[in-house]
Amino acid sequence: MAHVDAERTKRLVEASLGARHRRERLFQVAGFLATTVGVVFLAIFFWTLIAQGYSAFVQTFVKLDVEFSESELAPAGTLDLQYANFDALARSAFREYFPDVTGRSDRRELNKLLSVGASYAIRDAIEQNPDLVGTTVSMWVPAAAIVDMLVKENIDRNLPESQRPLTDQQIAWVDRLIERDALDTRFNTALFSNGDSREPELAGIRGALMGSFYMLLITIALAFPIGAAAAVYLEEFAPKNRWSDLIEVNINNLAAVPSIVFGLLGLAVFINWMAIPRSAPLVGGLVLSLLTLPVIIIASRAAIKAVPPSIREAAFGLGASRVQVVFHHVIPLALPGMLTGAIIGMSRALGESAPLLMIGMVAFIVDVPSGFSDPATALPVQIYLWADSPERAFAERTSAAIIVLLGFLLLMNLAAIIMRKRVERQW
């Protein structure tokens, strides 16, 4: 009888074996397709981002033979930069390429091809070397954004004139500059050395980078020690009762709270009550610290739980106190996982913009912040502002800023991973 039951079971298993193998293959194919779709969309995203943003790392410049006229710079015999007309010097040198342009309206259209940054470049040159007064010097100065877009072929010159930001006459002038080798594309140092500007060719991300840097310093300095200490206390020292359960539930809930709520909290507490300056990296760092604390606490508690109980038991068996067990054995082994939580929290903080909008960091900030209390913006907010700009030339700078943000994030994660590897221990 047992032999008959075994034969029947064997036949049933063999009959279902083919269906099981088909389901397994179907599951493997589904997993492979899902992974492939994810990789394809990721590749499309990066390709689109790079294709739109790489051109922002170069900028079009025009060559000018600038005459540092004494009548414009030193009318009384003494150099006076406060009243010097640098714009007139730039326009006069630019019009040397077009002696046939004499009408007022034509000159106005011609001047639109030259960036206001040209006068800034002339001013900087005379500030660095006052001996240039009375001489003529060849300089490369920024061209206007519309010229830069035309040279980079971001403007289709075959479109009707009404659909282009450049007229046919202006395109002819640009072509004349190209024929005379007066235009050149060079690395766009302004993108990394300037703050924000209403002129696309002069706009940079340095102010936003420094603002993000100061905020992240405050965030990691506050969130990681407090979060790690809270995780250690809750896991190793806190009594297991309803109060600790309530705290744990609230920490888990805070990790899922929309980030804009933390911005409202920062606005009410740090700005309205504590009177911290609006749009300063200090208040931004405090808000982001609140945002990242739940993430760090949860990850740190998970890392502490992952330490084998045998480590604690061995330390207790050798006569170590609970504090010695925690600080000499548990924390060193859990530290890599705690740093991983810090990486996740900082990555989230770096990409957040909603809470920063609530505390005024959406303001137009031209100057680069030099401290924690100076007005500043953050890189995600800068990207938001440029993406919302009607100027077409800001589109490529938006993509370039996203590339820099991703690069900044990768570097930060790489540094944290290296630090984690250095403190990692095996058991």
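Residues numbered from 1 in each chain as written. Predicted model: local features only at pLDDT ≥ 70, side-chain atom pairs only at ≥ 80, totals over all residues. Heavy atoms only, no water.

## Quick notes on the overall build of the protein
Step number 1: In terms of regular secondary structure, the protein is built from 17 helices and 3 strands.
Step number 2: Here the C-alpha radius of gyration of the protein, 31 Å, is well above what a compact globule of 427 residues would show, namely 22 Å.
Step number 3: The C-alpha extent of the protein, read off along each of the three principal axes, is 110 × 60 × 40 Å.
Step number 4: Within the protein, the proportion of its 427 residues that are buried is 41%. (Helix = DSSP H or I, 4+ residues; strand = E, 2+ residues; numbered from the N terminus. Rg over C-alpha atoms; globule rule 2.2 N^0.38 Å. Buried < 20%, exposed > 50% of the residue type's maximum accessible area, 1.4 Å probe, protein only.)

## Re the nonpolar core
Step number 1: By size, the foremost hydrophobic cluster in this structure holds 40 residues, and its most contacted members are Leu64, Phe68, Phe94 and Leu113.
Step number 2: Ignoring sequence-local partners within four residues, the contact set of Phe94 consists of Val62, Leu64, Leu110, Leu113, Leu114 and Leu177.
Step number 3: The next biggest cluster of nonpolar side chains, apart from the first, holds 36 residues, and it includes Met215, Leu267, Phe270 and Val381. (Core = buried A, V, L, I, M, F, W, Y, C linked by side-chain atoms within 4.5 Å. Contact = heavy atoms within 4.5 Å.)

## Thoughts on the sheet that holds strand β1 (residues 58-67)
Step number 1: Taken in spatial order, the 3 strands make up an open sheet running β2-β1-β3, and their pairing is antiparallel. Two strands bound the open sheet, and with one partner strand each, they are β2 (136-142) and β3 (183-187). Strand-to-strand twist of the sheet, defined as the mean angle between neighbouring strand axes without regard to direction, takes the value 40°.
Step number 2: Summarising the sheet, β1 and β2 pair through 7 bridges and their orientation is antiparallel. Looking at β2, one finds that Lys63 is bridged to Trp140.
Step number 3: Where helix α5 (residues 117-128) meets the sheet, its contacts fall on β1 and β2, and the angle it forms with β2 comes to roughly 135°. (Pairing = 2+ DSSP bridges. Axes fitted to C-alpha atoms, helices over the stretch in contact; angles between N-to-C directions.)

## Re the environment of Ile344
Step number 1: The residue Ile344 is located in helix α14 (residues 322-351) in this model.
Step number 2: Judged by relative accessible area, Ile344 falls into the partly exposed class, the value being 48%.
Step number 3: On a C-alpha basis, the gap between Ile344 and Phe94 in space is 52 Å, while along the polypeptide they are 250 residues apart.

## Quick word on the side chain of Ser119
Step number 1: The topology assignment puts Ser119 in helix α5.
Step number 2: If sequence neighbours within four positions are ignored, Ser119 has contacts with Phe86, Asp87 and Ala90.

## Observations concerning the packing of aromatic side chains
Step number 1: Considering all chains together, one arrives at 9 aromatic pairs under this definition.
Step number 2: With a centroid separation of 6.1 Å and 10° between ring planes, the pair formed by Phe187 and Phe192 is classed as stacked.
Step number 3: Judged by centre distance (6.0 Å) and plane angle (55°), the rings of Phe213 and Tyr214 are tilted.
Step number 4: Its relative accessible area of 12% is what places Tyr214 among the buried residues.
Step number 5: Put simply, the rings of Phe94, Tyr97, Phe98 and Trp173 pair up and form one aromatic cluster.
Step number 6: The ring of Phe364 has Arg198 sitting right over it, with the charged end atom 4.0 Å from the ring centre. (Phe/Tyr/Trp six-rings, centres within 6.5 Å; stacked < 30°, edge-to-face > 60°. Lys NZ or Arg CZ within 6 Å of the ring centre and 35° of its normal.)

## Let's talk about helix α12 (residues 281-305)
Step number 1: A rise of 1.5 Å per residue sets the reference length of α12, with its 25 residues, at 36 Å; its end C-alpha atoms lie 35 Å apart and thus fit the reference within 8%.
Step number 2: At Thr292, α12 shows its maximal bend, which comes to roughly 35°, and the proline Pro294 appears one to four places after that position.
Step number 3: Most of α12 is tucked away: 20 of the 25 residues are buried. (Expected span 1.5 Å × (residues − 1). Bend = angle between axes of the 7 residues up to and from the residue.)

## Considerations on unusual backbone geometry
Step number 1: Positive phi outside glycine occurs at Glu153, with the angle close to 65°.
Step number 2: Among the secondary structure elements, Glu153 is positioned in the loop between α6 (145-151) and α7 (168-179).
Step number 3: Judged by relative accessible area, which is 69%, Glu153 ranks as exposed.
Step number 4: Residue Ala275 is not a glycine yet carries a positive backbone phi of 60°.
Step number 5: By secondary structure assignment, the location of Ala275 is in the loop between α11 (259-273) and α12.
Step number 6: Ala275 gets classed as exposed once you look at its relative accessible area, which sits at 59%.

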